[in-house]
Amino acid sequence: MTSHVMPAHSDSHSSADNYLTASKGFLSWALTLDHKRIGLMYLIGTMTAMFIGGFLALLLRAEHLSGAPGFVNHDTYNQLFTLHGAIMVFLFIIPSIPGALGNFILPVMLGAKDVAFPRMNLCSFYLWVFGAIFFVGALLTTGLDTGWTFYTPYSTNTSQTNVVLATLGAFILGFSSIFTGLNFIVTIHTMRPPGMTWFRMPLFLWSLYATAIIQVLATPVLGITLLLLAAERMFGLGIFDPKLGGDPVLYQHFFWFYSHPAVYIMILPGMGIISELISTFSRKAIFGYRFIAFSSMAIALLGFLVWGHHMFASGQSEMITIVFSALTFSVSIPSAIKVFNWLATMYKGSIVLATPMCYALSFLFLFTIGGLTGLFLGALATDIHLHDTYFVVAHFHYVMMGGTLVAFVGGLFYWWPKMTGKMYNEFWGQISALIVFVAFNLTFFPQFVMGSRGMPRRYYNYLPEFQVYHVLSTIGAFLLGFGLLLAAVVLIVSLFKGRKAPANPWGAATLEWQCSSPPPLANFEKTPTVGNPYDMQSVVWDPDTESFVRRGDVPIVPDETEQPAHA
């Protein structure tokens, strides 16, 4: 087995000696224990899942271009939206930032050489691969038509598709998520360098830490629930089937006890990325550092208490629905704290509209709309009207796609020079951000309107009065697909034609920018100096290296006209 047993810190590395060139061959990647290579493999895997899920979404939107039956029948339509949701949630949104960017950046940001458990890290990746294979297996055999939530009794009694295979895939993916979370918790607790106290830790690491807590505590509930569902479907045990004494609503309680915190598994790492981007490209220290750090933990904890708002229409008692409604509003407070602090950070900052910042500004706009429209779904009176309509679809996508996906792409552009050693074309990166922003709103804003006017989601056909909204949404979806494809092309082209990236092209003060781009196998040639991660005055532009460097590393040119005191 090929494994990289790395020295604590290499004494010397040439610029060509990095983790990409340290060893060659398929096995050097397939069996690597290097967190950076594992992060890259996660990146390729999750991006592939995203484009497959996105392709299915475009098929759905194409079908809705006219209200009449089109090129797919209603059964195929059910399978398309189920697979789109399941692939995007379980194979892309949940694992993308922790698995790809988290795996690559977390140890480097800590000044460490790897995560605490490298073998568990590799195992986590392969669990993700096996889980994906089960999902694809369901796709290629009978499809899946239950919706990504696998609601009972449809999933246990009615569906003729391969529900067991798909739920087994989600079960395996859950283990992958737990392994990643455990690794991050232990790494952050035990491998922080001297001088990096909890409140000198970058906010991206705070967000990954809060996310890891949710992954470890909530994911086992989903795993057990899916096992019970599979057992119910195969053996008819009577857990969720009312004819056998079970309760289908019990499944919803179990499912949403995981899946609402899972919303924060998806969005919290994105918020961490935005904290880094806003500070770096505003050339200012982050405003309210501790409030942002504590708000990540508050979101993680409050996220466990609000699952009941998904079931306002399921016959809960009035008192329970009032309690869940109040708790739902409480979780908006820490999210609002973050948005306020990001805006305050930009205030009077020297804002640089580089591509990552363009995506960060898009995130602010889109996530805020997503968050504010969530208040209508948390309020009892309006949720009953909006329940199961396109309003919910639009809200969900503004938070998950406008939030997580946009933050992920922004973070990918931000750390791309560090990961690959290549700079991308800034102009086309900015164009991609503009197209994604415009197209996203064209796709999903009309869905708010038709949802509030009563258009149910998951319907194969619709009334003529909704056609204009569906046409706008479909045009936007194809434009959005083009924008994301353009972003991918910009990054891929940079691998072949991009100029060499300096160690610190953005002037950020966190530790990952102290090592070369791409990093050496052991991450740092010498032990990095820990300082304030948001002290932008600690780095200065060095025209010789065309990179930002720490002030202490700038060679002092002696002034020959100055005479020593003892002369």
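Scroll up for the structure.
About the cut-offs
Residues numbered from 1 in each chain as written. Predicted model: local features only at pLDDT ≥ 70, side-chain atom pairs only at ≥ 80, totals over all residues. Heavy atoms only, no water. Helix = DSSP H or I, 4+ residues; strand = E, 2+ residues; numbered from the N terminus. Rg over C-alpha atoms; globule rule 2.2 N^0.38 Å. Areas by Shrake-Rupley, 256 points an atom, 1.4 Å probe, with all protein chains shown as cover. Lys, Arg positive; Asp, Glu negative; His and termini not counted. Charge placed at Lys NZ, Arg CZ, Asp CG, Glu CD. Axes fitted to C-alpha atoms, helices over the stretch in contact; angles between N-to-C directions. Parallel < 35°, antiparallel > 145°, perpendicular 65-115°, else oblique. Left-handed = near helix turned anticlockwise from the far one by under 90°. Nonpolar A, V, L, I, M, F, W, Y, C, P; charged D, E, K, R; others polar. 1 Å grid on protein atoms, 1.4 Å probe; cavity = no way out; pocket = protein on both sides within 12 Å on 5 of 7 lines; lining within 4 Å. Points joined across faces, edges and corners; volume = space filled by probe spheres on them. Core = buried A, V, L, I, M, F, W, Y, C linked by side-chain atoms within 4.5 Å. Buried < 20%, exposed > 50% of the residue type's maximum accessible area, 1.4 Å probe, protein only. Contact = heavy atoms within 4.5 Å. Pairing = 2+ DSSP bridges. Phe/Tyr/Trp six-rings, centres within 6.5 Å; stacked < 30°, edge-to-face > 60°. Salt bridge = Lys/Arg side-chain N within 4 Å of Asp/Glu carboxyl O.

(A) Representation of the overall build of the protein chain in the model. Looking only at helices and strands, the protein chain features 16 helices and 2 strands. Taking 24 Å as the expected radius of gyration for a compact globule of 567 residues, we find that the protein chain reaches 24 Å, a close match to that expectation. Based on the C-alpha atoms only, the size of the protein chain along its principal axes is roughly 100 × 50 × 45 Å. When the accessible surface of the protein chain is summed, it comes to about 22700 Å², and 70% of that surface belongs to carbon and sulfur atoms. Both charge centroids of the protein chain, one from 26 positive and one from 26 negative side chains, sit 2 Å from each other.

(B) Just the packing of helix H12 (residues 355-378) against helix H14 (residues 390-420), in detail. Relative to each other, H12 and H14 sit at 160 degrees, their axes nearing to 8 Å. If you check the angle between H12 and H14, you find them roughly antiparallel. Where H12 crosses over H14, the handedness of that crossing is left-handed. Broken down by class, the residue content of the contact of H12 with H14 amounts to 17 nonpolar, 10 polar and no charged.

(C) Spatial organisation of empty space enclosed by the protein. The full count for this structure, using the stated rule, is 2 cavities of 30 Å³ or more. The space that makes up the largest cavity amounts to roughly 150 Å³. Residue lining of the largest cavity: 18 residues in total, with Ile 94, Pro 95, Leu 173, Ser 176 and Ser 177 positioned closest to the centre. When residues of the lining of the largest cavity are traced back to their parent elements, those giving at least two are helix H3 (74-110), helix H4 (118-140), helix H6 (163-190) and helix H7 (203-235).

(D) Layout of the nonpolar core. By size, the foremost hydrophobic cluster in this structure holds 163 residues, and its most contacted members are Trp 342 and Trp 415. With 22 residues, the single largest contributor to this core is H3. Those residues in contact with Trp 415, other than ones at most four positions away along the chain, are Leu 101, Ile 105, Met 109, Phe 204, Ile 273, Glu 276, Glu 512 and Trp 513.

(E) Spotlight on the pairing of strand S1 (residues 539-542). Both S1 and strand S2 (residues 547-550) contribute to a ladder of 4 bridges, which runs antiparallel. Within the sheet, the bridge partner assigned to Asp 542 lies in S2 and is Ser 547. The hairpin formed by S1 and S2 contains 4 residues between the paired strands, and Glu 546 there has a positive phi angle of roughly 50 degrees.

(F) Spotlight on the packing of aromatic side chains. Taken as a whole and judged by the stated rule, the model has 47 aromatic pairs. Judged by centre distance (5.7 Å) and plane angle (55 degrees), the ring pair of Tyr 77 and Tyr 460 falls under tilted. With Tyr 77 in helix H3 and Tyr 460 in the loop between helix H15 (426-452) and helix H16 (467-497), this residue pair connects regions lying 383 residues apart in the sequence. Like Tyr 460, Tyr 77 is buried. A ring pair is formed by Phe 175 and Phe 179, whose centres lie 6.4 Å apart and whose planes are at 80 degrees; its orientation type is edge-to-face. Placement of both Phe 175 and Phe 179 in helix H6 is noted, with a separation of 4 residues, approximately one turn of the helix. Overall, Phe 175 belongs to the partly exposed group, its relative accessible area being 37%. Of the aromatic side chains, those joined through ring pairs into one cluster are Phe 90, Phe 135, Trp 148, Tyr 151, Phe 240, Tyr 251, Phe 255, Trp 256 and Phe 396.

(G) Region of the structure containing the pattern of salt bridges. By the definition in use, this model includes 2 salt bridges. We note a salt bridge from Asp 34 to Lys 36, for which the minimum N-O separation is 3.0 Å. When its relative accessible area of 0% is taken as the criterion, Asp 34 is described as buried. As a salt-bridge pair, Arg 457 and Asp 388 come within 2.8 Å of each other at their nearest N and O atoms. Within this pair, whereas Arg 457 is found in the loop between H15 and H16, its partner Asp 388 is found in the loop between helix H13 (380-386) and H14, the two being separated by 69 residues in sequence. Look at Arg 457 and you get partly exposed, because its relative accessible area is 23%. Among the residues examined, Asp 388 registers a relative accessible area of 34% and is labelled partly exposed.

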